[in-house]
Amino acid sequence: MMQKVQVVVIGGGIVGASVLFCLARKGWTDSVLLERRNLTSGSTWHAAGNVTFFGHYTAITDLYIKSIETYQTASEESGQEIGFHKTGSLRLANNREELAAYEALTPLYDRLDADYRVILPKEIETIHPLLVTDGLFGAAYTPGDGHVDPTSSTNALAKAAKLRGAEIRTQTPAKTIRRTSSGWMIETEDTTYLAKHVVIATSFWAREMLEPIGLNIPVYPIQHHEIISGPVAELQSLDFEVPAVRDPYAPSNTRQEGDGFLCGVYESDPKFWATDGIPPDFKEELLVPELERLEEHLLRVIERIPAFGEAGIKKVNNGPMAYSPDGLPLLGPVKDMPGLWLATGFNIGIGTGGGSARFLAEWMNKGRPPYDLSIVYPSRYGNNITKDDALARIHATYAKGYVTPQPPV
Ligand SMILES: Cc1cc2nc3c(=O)[nH]c(=O)nc-3n(C[C@H](O)[C@H](O)[C@H](O)COP(=O)(O)OP(=O)(O)OC[C@H]3O[C@@H](n4cnc5c(N)ncnc54)[C@H](O)[C@@H]3O)c2cc1C
C-alpha cells in the first residue's frame, strides 16, 4: 500500500515523540511516527530523566529550559503526568577556578531570565543536608530544574500529538529510505510512505540507517552506568527532596530516587558498545554492568555523600547511549538532501529533546532556523569523518564531560 504524508518521523524515543508533538502544534498533523518496537524502546526507557539547567552555552541551556516547558505543555494537553520533580541542582566547585567559571556564567542566565545562583558551602548545607561540604568552594545552584519520568513524558508527547491528529505506528520498523523525484520514500512491511519531509530520530541506529544513501553519521553507542542505592534513613526523615548534585571531582551526578539515591557515573576510560552495528534483535535491554570500573568514582561520590555509601547498592544499570564526537546532537537539515532532517545523537535527550524538537519544528515550518544554533547542525561534521577518528573523539569528550566550563558562548 502507498500512502502520501507531509512528514514521517522515524524513531519513537523522547526525541521522535517531541518532534511529532512540536510539528503537530505547528499544524503539521498529516504526519506519521514509525517505531520499530514500542515507544521508548531505545535509550529512553532506562534514562534517569535528569534535566539540569546548568550549561556552558546560552543556546543549549535554553534547550533545557524549553524541554521541560514542552513536556509540561504535552502533559496539559494530554492529561498524562510527566513525573516532574522540581528539586533543583547543585554543581559543585572543588576549587577556585570552578567557582570563578560558575560566576562567569551568571550573565548567561540573566539573558535567559532563569534562576541561577552561585552559593557558598553554608547555604549548600541547608539545601542538601546529606552533603559534606569540607573543602568545597561553593556551587552553582539552579532551583528550577530536576527530573522527569522519561517514559511518562514520551507517552504524554505521543498522546498529545495523536489528539492533534498525528498517527503513531509501533512495531513498524522503517526498512529503507530513498529519495525520489516526488519526495522521500519510506518503506515498512505493509506500507510505503511518500513524504515531503522525513525526520530521523533513531539515535544510535541512524548511522546504519543512512549509510545506504551515502551519509556518514558519526554517532556511536557508549556504555553509561547508573547505580541505585538502597533506602537512606536520613532522606526519609526530610520533608523535601534533596537537589541533584553534579560533581566534576567524581565525575558524577547523584539525585534522590524515592527513599534512596540514583548516581550516574562518567568514567575516564569509557567503553563502547556495538560499534560494528546494533544487533538486529536488540530489545528493551541493558548491558552487563561492570561495577569494578566505577569503584574509584563511587568512592569519590561517597566522600561527598557518605549516606550513599552506607545504603548499599540495590541495582546497577548499564545502558547504551548515543554519542557524537563533540557530545552535542545532530539537529537540522542534511546538506543537499532537501526534506531530510536529523534529530539524532542525543546523549542528554531527556534534558534537551523537547527544546530541540521545538527548534526543529520551527525551522521545518518556516523554512529557516528561528535563531542560530549552528553548534548542533549536522553539517558541522561534513561527510568524511572516519570511524576511528569519531570513536577517539567520542571517548575524549565523554571522559571530560564534567570539566570546568569555558566562558559562556
Ligand atoms: C543509563 C542511562 C541514563 C541516562 N540518563 C539520562 C538523564 O538523566 N537525562 C538525560 O537527558 N539523558 C539521559 N540518558 C540519555 C538518554 O537516555 C538519551 O539521550 C535519550 O533517551 C535519547 O532519546 P532518543 O529519542 O534520541 O533515542 P531512543 O530513546 O534510543 O529512541 C530511538 C528509537 O528509534 C527506534 N528505531 C531505531 N531504528 C528504527 C527503525 N528503522 N524504524 C523505526 N524505529 C526505529 C528505536 O527502537 C528507538 O525506540 C541516559 C542514558 C543512559 C544509558
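The preceding data block contains the structure.
In this text, all values refer to a predicted model and were calculated from it rather than measured experimentally.

A tally of helices and strands in the chain yields twelve helices and 18 strands. Its C-alpha atoms give the chain a radius of gyration of 21 Å, near enough to 22 Å, the size a compact globule of 409 residues would have. Once the C-alpha set of the chain is aligned to its principal axes, its extents read approximately 65 × 40 × 35 Å. Taking all 409 residues of the chain together, the buried fraction comes to 59%.

With that out of the way, let us pick up the site of the ligand. Inspection of the region around the ligand gives 36 residues, with Glu35, Thr44, Asn50, Gly349 and Gly351 positioned closest. Contacts to the ligand include Glu35, whose side-chain N or O atom sits 2.7 Å from an oxygen atom. Backbone polar atom of Ala174 to a nitrogen atom of the ligand: 2.9 Å apart, as the coordinates give it. Alone, the ligand offers 1000 Å² of accessible surface; in the complex the protein occludes 96% of this. A breakdown of the residues in the shell around the ligand according to their chemical character gives 16 nonpolar, 17 polar and three charged. Counting the residues that make up the shell around the ligand, at least three belong to each of domain 1 (2-76 + 149-219 + 325-399) and domain 2 (87-143 + 221-321).

Of note in this structure, Gln171 is not a glycine but carries a positive phi near 50°. For Gln171, the location among the structural elements is in the loop between strand E8 (167-169) and strand E9 (176-180). Within the chain, Ser203 stands out as a residue other than glycine whose phi angle is a positive 50°. The residue Ser203 is located in the loop between strand E11 (192-200) and helix H7 (206-210) in this model.

Under the criterion given, the structure shown has one cavity of 30 Å³ or more. What the largest cavity holds in volume is close to 50 Å³. At the level of secondary structure, the elements contributing two or more residues to the lining of the largest cavity comprise strand E13 (244-247), strand E14 (252-257) and helix H9 (295-304). Along the lines of polarity and charge, the residues of the lining of the largest cavity split into five nonpolar, two polar and two charged.

Turning to the sheet that holds E14, a few remarks are in order. Taken together, eight strands build an open sheet; the order of strands is E5-E6-E4-E13-E14-E15-E12-E16 and the sheet is mixed. If you trace the sheet from one side to the other, it starts and ends with strand E5 (117-119) and strand E16 (313-323), each paired once. Across the sheet, the mean angle from the axis of one strand to that of its neighbour is 25°, orientation sign disregarded. Each of strand E4 (89-93), E5 and strand E6 (138-142) is contacted by helix H3 (residues 96-104), which is oriented at about 135° to E4, the strand it contacts most. Sitting on the sheet, helix H12 (residues 387-399) touches strand E12 (220-229), strand E15 (260-265) and E16, and the angle it makes with E12 is about 25°.

Another aspect to go through is the environment of Ile313. Secondary-structure assignment places Ile313 in strand E16. On a C-alpha basis, the gap between Ile313 and Leu262 in space is 9.8 Å, while along the polypeptide they are 51 residues apart. If sequence neighbours within four positions are ignored, Ile313 has contacts with Ile227, Ile228, Ser229 and Leu291.

Take the nonpolar core next. Counting 59 residues, the largest nonpolar core has Val9, Val19, Leu23, Val199, Ala343, Leu360 and Met364 as its most contacted members. At the level of elements, strand E1 (2-10), helix H1 (14-25), helix H2 (58-78), H3, helix H4 (106-112), helix H6 (150-163), strand E18 (340-344) and helix H11 (349-366) are the ones that each hand at least two residues to this core. Residue-level mapping places this core at the junction of two domains, with at least three residues from each of domain 1 (2-76 + 149-219 + 325-399) and domain 2 (87-143 + 221-321). Filtering out sequence-adjacent residues up to four positions away, Ala343 remains in contact with Val15, Val19, Val199, Ile200, Ala201, Leu330, Leu331 and Leu360. Core analysis: the next-biggest nonpolar cluster, separate from the first, contains 42 residues, Trp205, Ile278, Ala322 and Ile394 among them.

Tallying each qualifying case throughout the model produces 18 salt bridges. A salt bridge links Lys175 to Glu189; the nearest nitrogen and oxygen atoms lie 3.0 Å apart. With Lys175 in the loop between E8 and E9 and Glu189 in the loop between strand E10 (183-187) and E11, this pair connects stretches of sequence that are 14 residues apart. For the pair Lys175 and Glu189, one class covers both residues: exposed. Of the charged contacts in the structure, one is a salt bridge between Asp389 and Arg393, with a shortest N-O distance of 3.6 Å. With Asp389 and Arg393 both in helix H12 and four residues apart, this pair spans about one turn of that helix. Judged by relative accessible area, which is 32%, Asp389 ranks as partly exposed. A network of salt bridges, in which partner residues are shared, links Glu267, Lys271, Glu290 and Arg293.

About the thresholds
- Residues numbered from 1 in each chain as written.
- Predicted model: local features only at pLDDT ≥ 70, side-chain atom pairs only at ≥ 80, totals over all residues.
- Heavy atoms only, no water.
- Helix = DSSP H or I, 4+ residues; strand = E, 2+ residues; numbered from the N terminus.
- Rg over C-alpha atoms; globule rule 2.2 N^0.38 Å.
- Buried < 20%, exposed > 50% of the residue type's maximum accessible area, 1.4 Å probe, protein only.
- Near = heavy atom within 4 Å.
- Polar contact = N/O pair within 3.5 Å; in protein donor to acceptor, adjacent residues only side chain to side chain.
- Areas by Shrake-Rupley, 256 points an atom, 1.4 Å probe, with all protein chains shown as cover.
- Nonpolar A, V, L, I, M, F, W, Y, C, P; charged D, E, K, R; others polar.
- Domains from an automatic or database assignment.
- 1 Å grid on protein atoms, 1.4 Å probe; cavity = no way out; pocket = protein on both sides within 12 Å on 5 of 7 lines; lining within 4 Å.
- Points joined across faces, edges and corners; volume = space filled by probe spheres on them.
- Pairing = 2+ DSSP bridges.
- Axes fitted to C-alpha atoms, helices over the stretch in contact; angles between N-to-C directions.
- Contact = heavy atoms within 4.5 Å.
- Core = buried A, V, L, I, M, F, W, Y, C linked by side-chain atoms within 4.5 Å.
- Salt bridge = Lys/Arg side-chain N within 4 Å of Asp/Glu carboxyl O.

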